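Listed below are the residues making up each chain.
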Amino acid sequence: MASWTLCVVLVLASVAGSVGETRYEKFLRQHVDHPRTLGLTGHRYCQVMLARRQVTASGRPCKPSNTFVHAPAEDLVATCKNPADAMGIHSTSTPMGITACRLRGGDTRPPCNYRARQLQHHVRVACLDGLPVHLAGTHASPDEA
């Protein structure tokens, strides 16, 4: 009986953790990996990080794409002070190291297989109360496009 109670408590604690997560904390969990996690290369990086950060989970469809930014969270917070475009999106003033993960094939059912690309791109974020809460995309510098 004690093991059943412990199991229920652990499940409730994990659910409470994700429910109590702020939008900024969710943004950090899903998109910031600074410094970049070592020991994982190529597609393995995406598969492990998406699972580790609970972006993909057993029983849920695979996320079509996700981007990890390899810069300090403070740099992304500072981006919220940059002027916003007409859609309210802020862009970093300099390119940042990112890993862009894209789902391979058309099947969104697990197991999820991703393709990874290492890039230096400007990062676009939506902000709320001065904090980034949504990664709205990335783009190359105009001279690289």
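Scroll up for the structure.
What you see is a predicted model; the values in this text were computed from it and never measured.

Parameters and conventions
Residues numbered from 1 in each chain as written. Predicted model: local features only at pLDDT ≥ 70, side-chain atom pairs only at ≥ 80, totals over all residues. Heavy atoms only, no water. Helix = DSSP H or I, 4+ residues; strand = E, 2+ residues; numbered from the N terminus. Buried < 20%, exposed > 50% of the residue type's maximum accessible area, 1.4 Å probe, protein only. Contact = heavy atoms within 4.5 Å.

Draft legend 1. Summary view of unusual backbone geometry. Look at the link from His34 to Pro35: it is a cis peptide, with omega at -10°. Locating Pro35 in the fold gives a position in the loop between α2 (23-31) and α3 (42-52). The amide bond that connects Pro110 to the next residue, Pro111, takes the cis arrangement and shows omega of 5°. Tracing the backbone through its elements, the reader meets Pro111 in the loop between β3 (96-103) and β4 (114-128). Residues other than glycine seldom take positive phi values, yet Gln54 does so here, at roughly 60°. As for its position among the elements, Gln54 is in the loop between α3 and β1 (65-69). Given a relative accessible area of 51%, Gln54 falls into the exposed group. Positive phi outside glycine occurs at Asp129, with the angle close to 55°. Exposure remark for Asp129: the relative accessible area of 77% places this residue in the exposed category.

Draft legend 2. How the structure looks around the environment of Phe68. With respect to the helices, strands and loops of the structure, Phe68 is situated in strand β1. On the basis of relative accessibility, which here comes to 0%, the residue Phe68 falls in the buried class. For the pair Phe68 and Val32, spaced 36 residues apart in sequence, the C-alpha separation works out to 5.4 Å. Setting aside residues no more than four positions away along its own chain, Phe68 makes contact with Arg29, Gln30, His31, Asp33, Tyr45, Met49, Leu50, Arg53, Gly97, Ile98, Thr99 and Cys101.

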